[in-house]
Each structure stands twice: as structure tokens, then as C-alpha cells.
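# Structure assessment
Letter by letter, the chains look like this.
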Amino acid sequence: MLKTHALSIASAGSPFEHTTIERRELRAHDVLIAIKFSGICHSDIHQAEGDWGGGIFPMVPGHEIAGIVTAVGSHVSVYSVGDRVGVGCLVDSCRMCEYCLSGEEQYCKRGAVYTYNALDYEGNPTYGGYSEQIVVDEEYVVRIPDTLGLDAAAPLLCAGITTYSPLKHWNAGSGMKVAIVGMGGLGHLGVQIAHAMGASVTVLSQGENKREEAFRFGADHYYATRNQTTFTELAGTFDLILNTVSANLDIDAYLSLLGVGGSLINVGLPAEPVAYHTFSILPRKSISGSSIGGIRETQEMLDFCAEHGIVPQIERIRADEVDQAWDRIKQGDVSYRFVIDMATLKQ
Ligand code: NAP
Ligand code: ZN
Ligand code: ZN
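Residues numbered from 1 in each chain as written. Chains lettered and ligands numbered in written order. Predicted model: local features only at pLDDT ≥ 70, side-chain atom pairs only at ≥ 80, totals over all residues. Heavy atoms only, no water.

Applied cut-off: UniProt positions are given in the numbering used here, feature names are shortened, and annotations may be inferred rather than shown by experiment.
In the nomenclature of an unreviewed UniProt entry, the chain is known as Putative zinc-type alcohol dehydrogenase-like protein of Paenibacillus prosopidis. Turning to the chain, the UniProt annotation filed under Sequence similarities (unreviewed entry) states: "Belongs to the zinc-containing alcohol dehydrogenase family."

As C-alpha cells, then:
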């Protein structure tokens, strides 16, 4: 076993402690990664605070991992020591079901193994990226393009793929009117990606304070949802709405913004169930969800971001600032992703 420093939470809602965890010895197809940066996703907070129920503790969160390969198992073929790599939300899946075979491991029939707050197929708890090193099978590792800094690349491993996958699946592109609801970590990447795909992009944010930045990220239009005239003015406008909000919204109100046949895709995962009236979807409107993305698609998204100059706007923090950062995220005070510099963990 390989000992490594980490930040862990003892029980739901408790603060971080500096601790040591064990990573498995390298198997034939494993790579050992020195984690350089780890992004903070709102899902980390949901899970650590018990929003989704049943967390596994102690918990080491983190599924936006960027680092360098420092050792490889005997049969690793894709990666070498020194490679710049990333790990997202998945570290294993059955590799046999139709979804795994088509590169959509996130929908694995057996249930994919998540990077943390999960048990692997041997029954051992998984620990995430708020740590110095991680051991991952090379099939669940992606390559970070040279033009992307490791710190800025980290948020792409969850926030990037979670917005890229549905935008691509629902054909965001030229001639499509897309709204992004909530401009946080996911949303600010959704705006950039939808713009790069060629769609007309509208940001629906609570207030006016993010207007200038939305245009800088490529938005064509911006509306504050606290302003009720937004909902009358935009009624029937969009082909696609991507809801990235971590809290419950008035779903009927957002469905009213879709044109006939339009789709509302929820990627935000609030604790409480979502409710809507069937009347709201009668004009052939659809309501759906989307879960992260598969490994191949994550690589495709990274390459797409490198090609189009899409870069998360990050605030780098030290390992001892994570509790404060979580409080700030809960207050909506983040522009637009915190990324932990893992070199500060040992200090
Ligand atoms: P975040 O950075 O905190 O952004 C969430 C945004 O939602 C905020 O910036 C804010 O945007 C808006 N918002 C927050 N509270 C609101 C409220 N009460 N009413 C209206 N709008 C509100 O979070 P994130 O990391 O982007 O994650 C967003 C959600 O996606 C979380 O629930 C997370 O768990 C989920 N998620 C899902 C997947 C998946 O696979 N489906 C993957 C990753 C994350 P404005 O200031 O612009 O209004
Ligand atoms: Zn995430
Ligand atoms: Zn599978």
C-alpha cells in the first residue's frame, strides 16, 4: 500500500482534517498520478453534507483531478511517466455492458465506480482528488492537451464534460437557441462550449452581476431571473435549456421558455425532488437529465476546449482554505471554480 496525504471529512457536515490515506499497489494496468490540482465541484458539497443521503465516511472528495504520471504498471500501454493527465468522476465500470462498450461508462448497467464516496468492485472505499496521489486504471485516465494549464484543466474533468455531453447530445449548434441557467462552475463552461459549438447562447442568472462576464464567455444575451419580466419576454424562445442550478427552481416557469418541441435538461442536482405540471410539457416539450460523460467523450471535450481556447476561470487556493471555499460556494461567491493547489497540502 502507498501512503499519501489527503484532506478528509469524518462525518456529514464536519470540517476538513489533514490525514493520510492508502492507495493500492500498482496493478498491471494502473498508473500512479501525482495530483497537482483538484477542482472543487458543488457535488463535493452535496455529498459531504448529506444532501443526496448515505455518504461514505471518512470522505476524501474531489473528481476534477489534474496531475502528472509518476509510475506505470507492467502492462500500461497508453501513458508514460511524465505525462500530463486527468481523472474525472469515474475510475472503473463493468467494461462489458452496452453502455461501457459504447463509451458511456457513466450509464454502466453494473454501476460505474465513482472516484470518491463509492465502493470499488472489491468493496473498498474510493478516495478522491483532495489528495497528493491517486492510482487509476489507465482506461479511466485522459490526456490533458499541452496548451491547457493543469490548474485550469482540472474543472473540465467534471464541470466541462457535464455541460459538453448534453450540449452535444441535444445538437447545440448553429441555428439553435440555447439557454444556460445558472452561471457557476458548470454554467460558465456551458456558455463557452455552447458558443464554440455555434449556438446562440442566453445566460439566465439570478442577478445582474454576471452580465459582463457572460458576454466575455461568449453569451449573446443575458437576463436576470429575479426580474419577472424575463419570463414574459422570453416565453417560447429556446430550443434547449441547460439547467445547472444546485437548488430547486420553478420548473414550470423554465418550461414556459421553451418553444414547441424544446428540451429542458437538468444537470444541477438539488437535494429535493423536482415538480412540474404536465400541462407545461404538452407542446411536445421534454424534460431530461444528463450525467457527466464517458471517458472517450471526456477526451474529446478536452481536445475541443484546447482547440477552441475554452478555459475555466479559476481561483487557486491552498489546501488549508478549502473549508472557507466551500462556504463561499454555498453563498454563491465564486468566480467561477476553486482549484486546490495540492503542493500546499504538505506545507
Ligand atoms: P456552483 O458553482 O455553485 O453553481 C451553481 C449556480 O447555480 C450558481 O452559480 C448560481 O448561478 C445558481 N444558483 C445557486 N443557487 C441558486 C438558487 N437558489 N436559485 C437560483 N439559482 C441558483 O455549482 P456547480 O459546481 O456548477 O454545480 C451545479 C450543480 O450541478 C450542482 O447541483 C452539482 O451537484 C451538479 N452537478 C451535476 C453533474 C451531473 O453529472 N449531472 C455533474 C457535476 C455537477 P447564478 O449566480 O448565475 O444565478
Ligand atoms: Zn462534479
Ligand atoms: Zn458497464
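## Section: the pairing of strand E8 (residues 133–137)
Consecutive side chains along a regular strand alternate between the two faces of the sheet. Stated formally: Only protein chains enter the calculation, and the probe is 1.4 Å; a residue is then buried if its accessible area is under 20% of its type maximum, exposed if over 50%, and partly exposed in between. Starting at the N terminus, helices and strands are each numbered in turn, a helix being any DSSP run of H or I of at least four residues and a strand any DSSP run of E of at least two. We call two strands paired when DSSP finds no fewer than two bridges between them.
When you tally the buried positions in E8, you get 5 out of 5 residues, the bulk of the element. Where strand E3 (residues 30–39) and E8 come together, 5 bridges link them in antiparallel fashion. Bridging from a neighbouring strand, Asp30 pairs with Asp137 of E8.

## So, the packing of helix H4 (residues 159–169) against helix H5 (residues 185–196)
Keep this limit in mind: Fitted lines through C-alpha atoms serve as axes, helices being fitted only where they are in contact, and the angles separating the N-to-C directions of these axes extend from 0 to 180 degrees. Angle categories are assigned with fixed cut-offs, so that under 35 degrees is roughly parallel, over 145 is roughly antiparallel, 65 to 115 is roughly perpendicular, and the rest are oblique. Whether a crossing is left-handed or right-handed is set by the direction in which the near helix is turned from the far one by less than a right angle, anticlockwise for left-handed and clockwise for right-handed. Residue contacts are counted whenever heavy atoms from the two residues lie within 4.5 Å of one another. Classes in brief: Ala, Val, Leu, Ile, Met, Phe, Trp, Tyr, Cys and Pro nonpolar; Asp, Glu, Lys and Arg charged; the others, Gly included, polar.
Following both chains from N to C, one finds H4 and H5 inclined at 45°, their axes separated by 8 Å at the closest point. Judged by the inter-axis angle, H4 sits oblique to H5. Note that H4 runs across H5; the crossing there is right-handed. In this structure, H4 contributes Ala159, Gly160, Thr162, Thr163, Tyr164 and Leu167 to the contact, and H5 contributes Gly185, Leu186, Leu189, Gly190, Ile193 and Ala194. Of the residues that constitute the contact of H4 with H5, the class distribution is 7 nonpolar, 5 polar and no charged.

## Observations regarding the side chain of Ser290
Considering the arrangement of structural elements, one finds Ser290 in the loop between strand E15 (286–289) and helix H9 (295–308). Exposure remark for Ser290: the relative accessible area of 14% places this residue in the buried category. Not counting chain neighbours up to four residues away, the residues in contact with Ser290 comprise Tyr107, Ser165, Pro166, Trp170, Ile265, Asn266 and Val267.

## Things to note about the coordination of the zinc ion (ligand 3)
The criterion, for reference: Listed donors are limited to N, O and S atoms within 2.8 Å of the metal, widened to 3.2 Å for Na, K and Ca; water is not among them, so incomplete-looking sites are possible. Only two sets of limits are used to name each site, 85 to 135 degrees for every angle of a tetrahedral four-donor site, and over 155 degrees for opposite donors with all other angles from 65 to 115 for a square planar four-donor or octahedral six-donor site, with any other site named irregular.
Protein coordination of the zinc ion (ligand 3) is provided by Cys94 (SG), Cys97 (SG), Cys100 (SG) and Cys108 (SG), with donor distances spanning 2.3 to 2.4 Å. For the zinc ion (ligand 3), the 4 donor atoms are set out with angles of 103 to 121° between them, so the coordination reads as tetrahedral. Within one chain, the residues serving as donors to the zinc ion (ligand 3) are arranged as C-x2-C-x2-C-x7-C. You can see Cys94 sitting in the loop between strand E6 (90–92) and helix H2 (98–101) and its partner Cys108 sitting in the loop between H2 and strand E7 (113–114), a full 14 residues away along the chain. Residue Cys94 shares its accessibility class with Cys108, and that shared class is buried.

## Section: the coordination of the zinc ion (ligand 2)
Each protein donor to the zinc ion (ligand 2) is listed here as Cys41 (SG), His63 (NE2) and Cys158 (SG); together their distances run 2.0 to 2.2 Å. Going along the chain, you hit the donors of the zinc ion (ligand 2) in the pattern C-x21-H-x94-C. Remark: Cys158 occurs in the loop between helix H3 (150–153) and H4 and Cys41 occurs in the loop between E3 and helix H1 (42–48); sequence separation between them is 117 residues. Classification of Cys41 as buried rests on a relative accessible area of 2%.

## Here's the deal with the site of ligand 1
Applied cut-off: Each residue is tested against the molecule or strand, and it is near if at least one of its non-hydrogen atoms lies within 4 Å. Whenever a nitrogen or oxygen atom comes within 3.5 Å of another N or O atom, the pair is scored as a polar contact, on the condition that within protein one atom can donate a hydrogen and the other can accept it, and that pairs from neighbouring residues in sequence are kept only if both atoms are in side chains. All accessible areas in this document rest on Shrake-Rupley with a 1.4 Å probe, and a residue is counted as covered only by the protein chains that are shown. The split of the chain into domains comes from an automatic or database domain assignment.
Around ligand 1, the surrounding shell holds 28 residues, and the nearest of these are His42, Met183, Ser205, Lys210 and Arg337. One nitrogen or oxygen atom from the side chain of His42 is found 2.7 Å from an oxygen atom belonging to ligand 1. Relative to its unbound accessible surface of 920 Å², ligand 1 loses 86% to contact with the protein. At the level of elements, H1 and H5 are the ones that each hand at least two residues to the shell around ligand 1. A total of 3 residues in the shell around ligand 1 trace back to one element, the largest contributor, which is H1. In the shell around ligand 1, the residues fall into 12 nonpolar, 14 polar and 2 charged. Residue contributions to the shell around ligand 1 reach at least three from each of two domains, namely domain 1 (2–158 + 312–344) and domain 2 (160–289).

## Considering the sheet that holds strand E11 (residues 200–205)
Strand order in the open sheet formed by 6 strands is E12-E11-E10-E13-E14-E15, with parallel pairing between adjacent strands. Of all the strands in the sheet, the pair left with one neighbour each is strand E12 (221–224) and E15. Taking the axes of each pair of neighbouring strands and ignoring which way they run, one obtains an average angle of 20° across the sheet. Note that strand E10 (residues 177–181) and E11 share 5 bridges and pair parallel. By the bridge assignment for E11, Ala179 is matched with Thr202. Together, E10, strand E13 (238–243) and strand E14 (258–266) form the strand contacts of H4, whose direction differs from that of E13 by roughly 160°.

## Digging into the domain arrangement of the chain
Let me state the cut-off plainly: Joining two parts hides part of their accessible area as seen by a 1.4 Å probe, and the buried area is that hidden amount summed over both. The salt bridge criterion pairs a side-chain nitrogen of Lys or Arg with a carboxyl oxygen of Asp or Glu, the two atoms within 4 Å.
On domain assignment, one finds that the chain holds domain 1 (2–158 + 312–344) and domain 2 (160–289). Measuring from the centre of the C-alpha atoms in domain 1 to the corresponding centre in domain 2 gives 27 Å. Here domain 1 packs against domain 2, burying approximately 1300 Å² in sum over the two surfaces, 53% of which is carbon and sulfur. Area buried by domain 1 at its contact with domain 2 is led by Cys158, Gln313 and Tyr336, which between them contribute 45% of it. The interface formed by domain 1 and domain 2 contains 0 salt bridges. Here domain 1 and domain 2 share 11 residue pairs in polar contact (both at pLDDT 80 or more) between them. The class makeup of the residues in the side of domain 1 that touches domain 2 is 7 nonpolar, 3 polar and 2 charged.

## A word on the nonpolar core
Test applied: By nonpolar core is meant a set of buried Ala, Val, Leu, Ile, Met, Phe, Trp, Tyr and Cys residues that side-chain atoms within 4.5 Å join together.
In terms of nonpolar packing, the biggest core is built from 93 residues, with Ile40, Tyr130, Leu167, Val178, Val322 and Trp326 touching the most fellow members. Counting only domains with at least three residues in this core, you end up with domain 1 (2–158 + 312–344) and domain 2 (160–289). Apart from the residues lying within four places of it in its own chain, the contact partners of Leu167 are Ala172, Val178, Gly190, Ile193, Ala194, Met197, Leu240 and Leu242. Core analysis: the second largest hydrophobic core is formed by 16 residues, Phe238, Leu258, Leu264 and Ile281 among them.

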